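Secondary and tertiary structure notes
The primary structure of each chain is shown beneath.
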Amino acid sequence: MSAAAWVPPAVPGARRCPRGAAVPLHRAGRKSPSRGRDPESPRQAAVSDCLLVRPPRMEFLVLFLFYLAVVLTSVVLLCVCSKTPRLQGLGRRGAQVFSCVIPERLQRAVQRLLRYLFRTRNYSFLVVHLAVQAMVYTEYTSEIFGYCQELEFPLYYLLQPYLLLAVNLVFFTLTCVTNPGTVTRGNESALLQVYEFDDVMFPKNARCATCDLRKPARSKHCRVCDCCVHRFDHHCVWVNNCIGAWNARYFLIYLATLVASAASVAAVSTMFLVHLVALSDLQQETYVDDHGHLQAVGVFFLAQYLFLAFPKIVLLLGFVVVLSILLGGYLCFALYLAVTNQTTFEWFRRDWARRQHCPLVAQPQVYRNIHCRGLWSNLREIFLPVVPDCEGKKK
């Protein structure tokens, strides 16, 4: 249905408005205020006034759903391609095709930018992370919090996102500043005794060519931090630090509280819109469709109507919902690695390790994780890691 075709229903007291003007929906059979209807309370009047919006456009939700589908599909394809050799080769061939089209100067500029962002320690993503959080909570405070107070929402319910934000920032800071487990000459001998070598992914007597140190089992040299990290998981650009044995616990709590804070903002926003619809009886309104027929307001139409009445709140809701889905999926993956005593690096390298261990076998045997010792032992290893007394300070 196009915007030009939308008109208010032909009911007593209703009148047509010029195109682009504010047009309230009307419920069939509703009495006009001048015909015996009780005066509205200030709370109801505020709700009614904020629901006077322009005619909705059907294209909004289509574009938003398309955007959501593209984002989720891209994330899924990225995860699949990273584990599928054929798709990896297809991606490399696609990059070669694009390199023939894009000017060489632009390619070098993009490569320098990517090298700076992902191959050197910098605060770019950390600043973006904090800026996004600040914008989300500024919008929540200025829009949703005030509206919900007028609608008499419980205060403890409205303060939950702030509590989760405070906890999240504490563990975010701990993840950023805590030594992830740097292998030094002072703790090299002690860390060599922590984990057993499997002679597949982590062979004995291996040395780091860069640090010139013996590599403990489950350690890896990080090219960004330029040091070997004990129980290396990955280098996280969002905290500008590696995730290793000594800060993995902080990272998991940080990630869990980040998901919870985004979900709490989404929950409060959703409850506000649902409460608003129930209070104003919008679900009982009607409109005239393209064929001139009187139609009841559906969910699709109602969502667009709310977007035009509260564009910032609906856009914020869409953003935090997408963020909750993506971060929630990654949190599940991180918890799976935790309970099975794996790291992200080991999970990605296990296929390579099988092929290196059995190069002549078409279907190599499944790699056995010798470090998995049961649920509680695995979690204890993460939340109570072994820290040698001779721990060196991270440079």
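In this section: the environment of Y162. Mapped onto the elements of the fold, Y162 is located in helix 6 (residues 155-177). Separated by 99 residues in the primary sequence, Y162 and S261 place their C-alpha atoms 8.0 Å from one another. Apart from the residues within four sequence positions on either side, Y162 is in contact with Y137, Y140, T141 and F145.

Here the focus is helix 8 (residues 248-280). If you check helix 8, its first and last C-alpha atoms are 48 Å apart, about what 33 residues at 1.5 Å a residue would give, namely 48 Å. Count one or two residues on from helix 8 and you reach D281, which has phi positive near 60°.

Let us look at the pairing of strand 6 (residues 285-288). Burial along strand 6 is two-sided: the residues E285 and Y287 and T286 and V288 are all buried. With 3 bridges joining them, strand 6 and strand 7 (residues 294-296) adopt antiparallel strand pairing. When the bridges of strand 7 are listed, T286 appears paired with A296.

All right, on to the packing of aromatic side chains then. Going through the model one piece at a time under the given rule, you end up with 18 aromatic pairs. Consider the rings of F145 and Y162, whose centres lie 6.0 Å apart with planes at 75°: the pair is edge-to-face. Highlighted residues: F145 in helix 5 (residues 124-150) and Y162 in helix 6, separated in sequence by 17 residues. Looking at Y162, the relative accessible area reads 25%, which means it is partly exposed. Considering the side-chain rings of F172 and Y254, the 5.6 Å spacing of their centres and the 45° angle between planes classify their relative orientation as tilted. Of this pair, F172 sits in helix 6 while Y254 sits in helix 8, and the two are 82 residues apart along the sequence. Note on accessibility: F172 and Y254 belong to one class, buried. Aromatic ring contacts, followed pair by pair, group F172, F251, Y254, Y330, F333, W347 and F348 into a single cluster.

With that out of the way, let us pick up empty space enclosed by the protein. Following the criterion strictly, the structure yields 2 cavities of 30 Å³ or more and no others. Approximately 140 Å³ is the volume found for the largest cavity. Lining the largest cavity are 13 residues, and of these D233, A248, F251, L252 and A334 sit closest to its centre. Tallying contributions element by element places helix 10 (residues 311-339) first for the lining of the largest cavity, with 4 residues. In terms of residue class, the lining of the largest cavity is built from 9 nonpolar, 2 polar and 2 charged. Each pocket or cavity is described by its volume, and for the second largest cavity that value is around 40 Å³. If you go around the second largest cavity, the residues you meet are L117, T120, R121, N122, F125, V224, H235, V237 and N240. Its residues assigned to classes, the lining of the second largest cavity shows 4 nonpolar, 4 polar and 1 charged.

Reading the values: the criteria
- Residues numbered from 1 in each chain as written.
- Predicted model: local features only at pLDDT ≥ 70, side-chain atom pairs only at ≥ 80, totals over all residues.
- Heavy atoms only, no water.
- Helix = DSSP H or I, 4+ residues; strand = E, 2+ residues; numbered from the N terminus.
- Contact = heavy atoms within 4.5 Å.
- Expected span 1.5 Å × (residues − 1).
- Buried < 20%, exposed > 50% of the residue type's maximum accessible area, 1.4 Å probe, protein only.
- Pairing = 2+ DSSP bridges.
- Phe/Tyr/Trp six-rings, centres within 6.5 Å; stacked < 30°, edge-to-face > 60°.
- 1 Å grid on protein atoms, 1.4 Å probe; cavity = no way out; pocket = protein on both sides within 12 Å on 5 of 7 lines; lining within 4 Å.
- Points joined across faces, edges and corners; volume = space filled by probe spheres on them.
- Nonpolar A, V, L, I, M, F, W, Y, C, P; charged D, E, K, R; others polar.

That's the geometry; what it means functionally is another story.
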